[in-house]
Amino acid sequence: MTTLDKPKHKEGEENEDHKSGFLGKVKDFIHDVGEKIEETVGFGKPTANVKSIQIASIDLKRAELLVVVLISNPNPIPIPLVDINYLIESDGRKLVSGLIPDKGTIRSHGSETIQIPLTIIYDDIKSTYNDINPGSIIPYKVRVELIVDVPVIGRITLPMEKTGEIPVPYKPEVELAKIGFGKFSFEETSAILHIKLDNKNDFDLGLNVLEYEVWLGGTNIGGARLDKSAKIEKKAQGIVEVPISFRPKDFGSAMWEMIRGRGTGYSMKGNIDVDTIFGPMKLPFEKEGGRTRLKKENDKDDDED
């Protein structure tokens, strides 16, 4: 074969080469057109991040969290927010998880703030993890996945996470240390209740409001709502002085026992409103089967020092 001779291909091979070259050119053309459309129309991937996690409310039963997410849509049309997956964990252990479907759409060329409410039920996590005790502070991590449907691109998942701490509140223990009176009368006596509050939490309690009812010797002597600021430090006790008026003659022999310094049985129940580093809380308290004494207000007690 001379240099001028060309190699010969079989008929089938010529068709395959021709077909391969043609399809390749078509694919390249479609790809180029797709990129041009995307560049021209401006379709792109949305972005999202957790702005904050707020403790909306907290009590002895549950904590209500509000996860605030900012999502931006660079596209010229609104995009649907299909689903939201969420997970709250502590030290790698799941506390709560779930899915929130169909949260609407994200406007075109703009940003939206999405609020995702989440609830932690304390009984659920305490029954699962024995080492999570009332009064403690536990770390948490919130993982959120936003699933959006973007034209041209399709469905994509936007993952994000944020960490923090949350308390597991302990109900305060209450004791009526003594009833101090200034001027005693069987018709009516004004007195000061010395209420001892025991804060077993790992965080301070700033007392703002105290609501209470008291029973002495099985007789209700009433109650009141006292607005008084006081700070009870973590793992510590504090005394709150509460004014009250009652009629000693209504107590019969129980009052004589108190006058003789023998004390009498009492019960208390109520609520305290407190400020904490995690936000305000309303905590109930109760005391059954306690004993207290009636003393002059200027008498000193060794057990209160």
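Thresholds applied
Residues numbered from 1 in each chain as written. Predicted model: local features only at pLDDT ≥ 70, side-chain atom pairs only at ≥ 80, totals over all residues. Heavy atoms only, no water. UniProt positions renumbered as here; feature names shortened; annotations may be inferred. Pairing = 2+ DSSP bridges. Helix = DSSP H or I, 4+ residues; strand = E, 2+ residues; numbered from the N terminus. Axes fitted to C-alpha atoms, helices over the stretch in contact; angles between N-to-C directions. Salt bridge = Lys/Arg side-chain N within 4 Å of Asp/Glu carboxyl O. Buried < 20%, exposed > 50% of the residue type's maximum accessible area, 1.4 Å probe, protein only.

Per an unreviewed UniProt entry, the protein goes by the name Water stress and hypersensitive response domain-containing protein and belongs to Papaver nudicaule. Its UniProt record gives the protein the following Sequence similarities (unreviewed entry) comment, quoted word for word: "Belongs to the LEA type 2 family."

For the rest of this paragraph, the subject is the sheet that holds strand 12 (residues 219-232). Reading across from one edge, 12-11-14-15 is the order of the four strands in this open sheet, with antiparallel pairing throughout. Each edge of the sheet is formed by a strand with only one pairing partner; in this case those strands are strand 12 and strand 15 (279-292). Neighbouring strand axes in the sheet, compared pairwise and without regard to direction, differ in orientation by 15° on average.

So, on to the pattern of salt bridges. The full count for this structure, using the stated rule, is 12 salt bridges. For K200, the salt bridge identified is with D198, shortest N-O distance 3.4 Å. The exposure class assigned to D198 is buried, which follows from its relative accessible area of 15%. Within the structure, one salt-bridge network assembled from shared partners comprises E89, K141, R143 and E161.

Strand direction decides the pairing type here: strand 3 (residues 79-90) and strand 4 (residues 93-101), joined by eight bridges, are antiparallel. Bridging across to strand 4, I84 finds its partner in I100. Count of turn residues in the strand 3/strand 4 antiparallel hairpin: two residues, of which D91 carries a positive phi of about 50°.

A word on unusual backbone geometry. Not every positive phi belongs to a glycine, and D91 is a case in point at roughly 50°. On the secondary structure map, D91 appears in the loop between strand 3 and strand 4. The exposed category is assigned to D91, whose relative accessible area is 64%. The residue H109 is not glycine, and still its phi comes out positive at about 45°. With respect to the helices, strands and loops of the structure, H109 is situated in the loop between strand 5 (105-106) and strand 6 (110-121). Note on H109: relative accessible area 57%, which makes it exposed.

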